Amino acid sequence: ADGCVRMPLCRLCLLSSVLLSSKNELVSSKPARMNGWSWPPQIFQVIGWLMFCYLAIVSFGIYIPLLPLPWNYVLYSLTGITFTVHFLTHIAAVTIDPADASVRAKQSYSRPMPLFDRTKQQHVIQDLHCYLCDVKVGPKVKHCGVCNKCVEDFDHHCKWLNTCVGGRNYWYFFVALSSATLGVLLLVVVLLFVSIQHYLDPNSLRTAPQYEICFSTGLLGNGTWLVFLPLTPIKTSSSGLLILAFITVMLSITCLLLLCHLLGFHFYLFYKGISTFDYVKMQRQKETRRRDIEPGNANPVKNNKKVRQVRYVISGSLMLMKRLSGRV
Ligand SMILES: [Zn+2]
Ligand SMILES: [Zn+2]
């Protein structure tokens, strides 16, 4: 059952596939997706890139230039390296095709794929042969229903990257995840420092030479700040600076919670020596065993996909918290 995949089929598709398969024919379905840039894009993917651009503009354009010497140079370098590493590994993780070697060798990305026919076969992969890709595969391969291809050392299908994470792009995914966490953490520190220092000692944040010029010519009051230093100084008020800092801290903390949760989960997987897919399979087996122990518990809500996903996230978080607090 390792290669089993739940194909998203509507009743009409199911009915037509049953009808057509009775004539020994297969219905064509969407072609396989090559990588994360393949059509269609995912909303999460767009949000991720917009967030990256927003945080880069706000940190390098507004808040890091306000830091006193030599901290502005320290933070320019640290945040610069972190953001660049994230950018490059994110691009690599999206671009690398995680498909199994046999699928890549076939180069069949433009060809329509056959539709999975449950009346003929129970699982997409049986006896290490994928029925849809029509290739021999290894034991750690799974056919992803979204990418519609077999993925080598399958870990999970990532909506943020809009591609599968497998053996070929796992490390890029992991470095992108770690650098994103570190980058957002650095930004939160900078934002909190600037917000606090704005009250305690505002002049310590006005060490850039542009301030001196403006002060000497009387162009700048005490409540005025310059953003987008040093190239294009634009005046803004104290409240403008603080409101933007507040919004950015809130967004960053939300990102940080999600990133830390995911990063912690992958550290837990390292510790256990398993993949995300192994973890999901183990959870499913546990669920099945529990359902077998409690007969007559045929609650239809339990079989709902959304409920299962929520349960998966909650059980993952609980296990992680137990692990972190040393209770397991
Ligand atoms: Zn396949
Ligand atoms: Zn996938």
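Up top is the structure.
Residues numbered from 1 in each chain as written. Chains lettered and ligands numbered in written order. Predicted model: local features only at pLDDT ≥ 70, side-chain atom pairs only at ≥ 80, totals over all residues.

**Comments concerning the packing of helix 2 (residues 43-63) against helix 5 (residues 170-200)**
Okay, step 1: For the pair helix 2 and helix 5, the least separation of the axes is 11 Å and the interaxial angle reads 40 degrees. What the angle tells us is that helix 2 and helix 5 run oblique. Note on packing geometry: the crossing formed by helix 2 with helix 5 is left-handed. Note on element contacts: helix 5 touches helix 2 through Val184, Leu187, Val190, Leu191 and Val194, opposite Leu55, Ser59 and Tyr63.
Okay, step 2: The class makeup of the residues in the contact of helix 2 with helix 5 is seven nonpolar, one polar and no charged. (Axes fitted to C-alpha atoms, helices over the stretch in contact; angles between N-to-C directions. Helix = DSSP H or I, 4+ residues; strand = E, 2+ residues; numbered from the N terminus. Parallel < 35°, antiparallel > 145°, perpendicular 65-115°, else oblique. Left-handed = near helix turned anticlockwise from the far one by under 90°. Contact = placed C-beta atoms within 7 Å. Nonpolar A, V, L, I, M, F, W, Y, C, P; charged D, E, K, R; others polar.)

**A short note on the packing of helix 3 (residues 71-95) against helix 5**
Okay, step 1: Interaxial distance between helix 3 and helix 5 falls to 8 Å at its minimum, and their mutual angle equals 150 degrees. The pairing of helix 3 with helix 5 is recorded here as roughly antiparallel in orientation. The interaxial crossing formed by helix 3 with helix 5 has left-handed handedness. Between helix 3, through Leu75, Leu78, Thr79, Thr82, Phe83, Val85, His86, Thr89, His90, Ala92 and Ala93, and helix 5, the contact on the second element is made entirely by Tyr172, Phe173, Val175, Ala176, Ser179, Ala180, Leu182, Gly183, Leu186, Leu187 and Val190.
Okay, step 2: Class assignment for the residues of the contact of helix 3 with helix 5 results in 15 nonpolar, seven polar and no charged.

**Some points on the nonpolar core**
Okay, step 1: Formed by 46 residues in total, the largest nonpolar core has its most connected members in Tyr63, Cys130, Cys150, Val151, Leu161, Phe173 and Val190.
Okay, step 2: Of all the elements in the fold, those that place two or more residues in this core are helix 2, helix 3, strand 7 (149-151), strand 9 (163-165) and helix 5.
Okay, step 3: Element by element, the count of residues in this core is highest for helix 5, at eleven residues.
Okay, step 4: The contact partners of cysteine 130, leaving out residues within four places of it in the chain, are Val124, Ile125, Val135, Val137, His143 and Cys150. (Core = buried A, V, L, I, M, F, W, Y, C linked by C-beta atoms within 7 Å. Buried ≥ 20, exposed ≤ 12 C-beta atoms within 10 Å, placed from the backbone.)

**Considerations on the sheet that holds strand 3 (residues 125-126)**
Okay, step 1: Taking strand neighbours across the sheet as the criterion, the three strands line up as 3-4-5 in an open arrangement whose pairing is antiparallel. With one partner strand each, in any of the chains shown, strand 3 and strand 5 (135-136) form the two edges of the open sheet.
Okay, step 2: Alignment of strand 4 (residues 129-130) against strand 5, held across two bridges, turns out to be antiparallel. Across the sheet, the residue bridging to histidine 129 is lysine 136, located in strand 5. (Pairing = 2+ DSSP bridges.)

All quantities given are derived from atomic positions and should not be read as evidence of function.
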